[in-house]
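Residue-level structural notes
Letter by letter, the chains look like this.
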Amino acid sequence: MLDLLIQNATLPDGRQGMSVAVQDDKIVEVSPDLQAPAQHTLDAQGYLLSPPFVDAHFHMDATLSYGLPRVNQSGTLLEGIALWGELKPLLTADALIERALAYCDWAVAKGLLAIRTHVDVCDERLLAVDALLEVKRQVAPYIDLQLVAFPQDGVLRAPGALANLKRALDQGVDVVGGIPHFERTMADGAASVKLLCELAAERGLQVDMHCDESDDPLSRHVETLAFEAQRLGLQGRVTGSHLTSMHSMDNYYASKLIALMAESQLHAVANPLINITLQGRHDTYPKRRGMTRVPELLAAGINVAFGHDCVMDPWYSLGSGDMLEVAHMGLHVAQMTSQSAMRQCFDAVTVNAARVMGLENYGLQVGCHADFVLLQARDPIEALRLRATRLKVFKRGRLLAESPASASQLHLAGRPGQTDWTSNNAPLISPSR
Ligand code: FE2
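Residues numbered from 1 in each chain as written. Predicted model: local features only at pLDDT ≥ 70, side-chain atom pairs only at ≥ 80, totals over all residues. Heavy atoms only, no water.

1. Structural notes on the pairing of strand β13 (residues 303–306)
Residues N303 and A305 line one face of β13 and the alternating positions V304 and F306 line the opposite face, and both faces are buried. Here 4 bridges tie strand β12 (residues 267–270) to β13, and the two strands are oriented parallel to one another. For A268, the partnering residue across the bridge sits in β13 and is V304. (Buried < 20%, exposed > 50% of the residue type's maximum accessible area, 1.4 Å probe, protein only. Helix = DSSP H or I, 4+ residues; strand = E, 2+ residues; numbered from the N terminus. Pairing = 2+ DSSP bridges.)

2. Concerning the sheet that holds strand β16 (residues 398–402)
Within a sheet, adjacent strands bond to each other through the backbone by hydrogen bonds, running parallel or antiparallel. The antiparallel open sheet is built from 4 strands, whose spatial order is β5-β14-β15-β16. Unpaired on one side and paired on the other, β5 (48–50) and β16 mark the two borders of the sheet. Averaged over all pairs of adjacent strands, the angle between their axes in this sheet comes to 20°, without regard to strand direction. Direction of pairing for strand β15 (residues 390–395) relative to β16: antiparallel, over a ladder of 4 bridges. Pairing of F394 across the sheet is with L399, part of β16. (Axes fitted to C-alpha atoms, helices over the stretch in contact; angles between N-to-C directions.)

3. Describing the coordination of the iron ion
Only H57 (NE2), H59 (NE2), H210 (NE2) and D309 (OD) from the protein reach the iron ion as donors, at distances of 2.2 to 2.4 Å. Each of the 4 donor atoms bound to the iron ion contributes to angles spanning 84 to 172°, and the resulting shape is irregular. The sequence motif formed by the donor residues of the iron ion is H-x1-H-x150-H-x98-D. Judged by its relative accessible area of 0%, H57 is buried. (Donors = N, O, S within 2.8 Å, 3.2 Å for Na, K, Ca; no water. Tetrahedral: all angles 85-135°; square planar, octahedral: opposite > 155°, others 65-115°.)

4. Brief notes about the domain arrangement of the chain
By the assigned domains, the chain splits into domain 1 (2–51 + 363–419) and domain 2 (53–357). The distance between the C-alpha centroids of domain 1 and domain 2 comes to 31 Å. When the two sides are added together, the surface that domain 1 and domain 2 hide from each other amounts to roughly 1,700 Å², 69% of it contributed by carbon and sulfur. Of all residues in domain 1, the largest losses of buried area upon contact with domain 2 belong to I381, L384 and R390, amounting jointly to 38% of the total for that side. At the boundary of domain 1 with domain 2, the tally comes to 3 salt bridges. Linking domain 1 with domain 2 are 3 residue pairs in polar contact (both at pLDDT 80 or more), by the criterion used here. Counting residues per element, the ones that place at least two in the side of domain 1 that touches domain 2 are β5, β14 (372–375), α13 (380–386), β15 and β16. A class-by-class count of the residues in the side of domain 1 that touches domain 2 yields 14 nonpolar, 1 polar and 4 charged. (Domains from an automatic or database assignment. Buried area = accessible area lost by both parts, 1.4 Å probe. Salt bridge = Lys/Arg side-chain N within 4 Å of Asp/Glu carboxyl O. Polar contact = N/O pair within 3.5 Å; in protein donor to acceptor, adjacent residues only side chain to side chain. Nonpolar A, V, L, I, M, F, W, Y, C, P; charged D, E, K, R; others polar.)

5. Observations regarding the environment of Q235
Along the chain, Q235 falls in the loop between α6 (221–231) and β11 (238–242). If we ignore the near neighbours within four places in the chain, the residues touching Q235 are A229, Q230, E263, S264 and Q265. (Contact = heavy atoms within 4.5 Å.)

Dropping the structure here:
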């Protein structure tokens, strides 16, 4: 007997009327209209069954601290970093853990079951590292949490940062981070990239750097990152996060750079909500959008994910752990409005983000973990349009969270009724692929 049988689901690739069978935490069959005895059977009613959302770039040590000790007045990245510096001495492990766990509850409710979070290591106490390692242990049954050792104040610029970063890795932090554009000079930034990539190669770890998070068209650290990935044989194991300076670069240079990034099999993570908010702050009009060149990177065969980056912290006052909101913003900022481009935006918060994190057995194929989210939408584009309700969230075949379907009860004279915002009764454009 199966543990779970989901019937009449639509899958992200467009297949309809599909059944997904689960046994021993794994998907054992995916086929049309399967009938088999199961302990639990769920009629998906034609709604979209997706692998869970994945956030490839987050800061869980800062989340839900909005207003502590004060609010970012200028809205800039640099004031956010300064504000975080004011908050750091006031942090306690208990408060940090409490806020992170509260965020993880939000994540589960939104079908977000894998998160790569950067954790600041520029603190002699490594308080945030200890706290997030504890959070990782506590949420392991329901969230894959991956930690990046992130030297927020610059691995060369901040005294003791390199030693702290190594200690964090010794304690079990998974990935080597960096922030070359925050080092004192372009040369120091490049040196930090080289140093950190060498450290990752020595230890057999992945790299994920905040890279060129500025509007400076001459910032060149992603070039160094791609070069070092190639030189050290780290192809496919290195991620460049933010890359906002690419928005402002000369087009000829960008075309040369993107080819190098593709050769190095670099992953790229854009953070649309934050990039559109923080960048362009020194501009009058026109104001730059600041997000990296997502369609061009994808066209070059580079794996691109969207990250949430911040939720209610010194850099960003909004957010709710909803990766569909992230993808929705990415779609607009990058003007990715064709059918195929909108589907790529959905991929950027699911399969592409899973590739960034190197998640194994992620997806809806036979043999994959039985992790999924049932969305109140008929396809990925509708899921984006509606930021669709997560009707059910499953981990290893077990129900983790459920939300009632959204519908509005109308009270119009002579026309009582209910509006369902899905396209259930409307003609659907057949997806072109
Ligand atoms: Fe970030």
